[in-house]
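Reading the structure
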Amino acid sequence: MFKNFFAVIFCFIAIGASAQQTSVNFEKYEQKLPVSNLRFAMVPIPAGQFKMGSLTASPKINADETPQKEITLDAFWMSATEVTRDVFDVFLKDESTSQNSDVDAITRPSPQYVDLTWGMGKESDYPANSMSQYAALMFCKWLYKQTGIFYRLPTEAEWEYASRAGATTPYYFGSDPNLLTKYAWFQKNSANKYQKVAQKLPNAWGLYDMLGNLMEWTTDHYLPGRYATIELNNPIVAPTQGVYPKV
């Protein structure tokens, strides 16, 4: 991932709690933005259990990724791709988000003073980049107001569970790093820039670019030693509890 060059982009989920027990059909759907002709796909992620954290045999393992714990999660939906620039721009350019806001004057992020895509691409199908976690949260809030469906950032546990897609190997496609070029954009194949979404193979649950390209925001903040005391059912580190990691 381009940790040294770019702010992160994000995936998001809808109706996360007990999704399979609601009257909503638990299947893939397309969400249309009412204020545009744009759509994005939402993929159902089944409820289940997985071992969160890194295997001791994983490459470049960090101490704060162990020990593994078996985590139980409710079902939810996740965006099939990283949020694209054209979708995010609808939010940025919607004047009603600031005029009708009952929160404050910065609910809608100010236009960027410089082009933070650095010429790497911001038209259709390029992932949105260079936003704060707060901007990502406000995008989800705006999306809820536009659609009537509750969208939010995933927790770290939900993101990892969705990324693994049932795999127990170091990568969601297995253990062979030579296959990485088929599934991800990274330093060796990206020409040192991010790429359009969904150009590589998806994981087993139909999610693209869960490895490589840009990083994604989650609801959680970083908390040292988290895996040692993590809750085993739908865990989350609230923003008031954690801190940003030094990179």
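In this numbering scheme, every chain counts its residues from 1 along its sequence in written order. The predicted origin of the model limits local features to residues at a pLDDT of at least 70 and limits the giving and counting of side-chain atom pairs to 80 or more, whereas totals for whole chains, interfaces and linings rest on all residues. As a rule here, side-chain values come from all non-hydrogen atoms in the structure, and water together with hydrogens is ignored.

What follows deals with unusual backbone geometry. Cis geometry marks the peptide bond from Thr66 to Pro67; its omega dihedral reads -5°. Secondary structure elements are taken from DSSP: a helix is a run of H or I of four residues or more, a strand is a run of E of two residues or more, and numbering for both begins at the N terminus. The topology assignment puts Pro67 in the loop between strand 5 (48-52) and strand 6 (69-73). Unusually for a residue other than glycine, Asp125 sits at a positive phi of about 80°. As for its position among the elements, Asp125 is in the loop between helix 2 (96-99) and helix 3 (133-147). Per-residue accessibility, obtained with a 1.4 Å probe over protein chains only, is compared with the maximum for each type, and a residue is labelled buried under 20%, exposed over 50%, and partly exposed between these values. Given the relative accessible area of 36%, Asp125 is considered partly exposed. Non-glycine residue Ala191 carries a positive phi angle of around 60°. Residue position: Ala191 is located in the loop between helix 5 (180-183) and strand 9 (216-217). For Ala191, a relative accessible area of 63% puts it in the exposed group.

Our focus in this paragraph is the side chain of Ser130. Positionally, Ser130 belongs in the loop between helix 2 and helix 3. Accessibility expressed as a relative area gives 15% for Ser130, which makes it buried. As used in this structure description, the phrase polar contact means that two N or O atoms lie within 3.5 Å; if the pair is within protein, one of them must be able to donate a hydrogen and the other to accept it, and residues adjacent in sequence are counted only when both atoms belong to side chains. Here the side chain of Ser130 touches Asn129 through a polar contact of 2.8 Å, side chain to side chain.

This part covers the confidence of the model for the protein chain. pLDDT gives the predictor's per-residue confidence on a scale running from 0 to 100. Within the protein chain, residue pLDDT values average 81, and 78% of them lie at 70 or more. Only heavy atoms matter for contacts: two residues are in contact if any of them lie within 4.5 Å across the pair. Low pLDDT (under 50) marks residues 1-8, which in the prediction has 27 contacts with non-local residues, meaning those over four places away or in another chain. pLDDT under 50 marks residues 15-23. Its contacts with residues more than four places away, or in other chains, come to 23 contacts.

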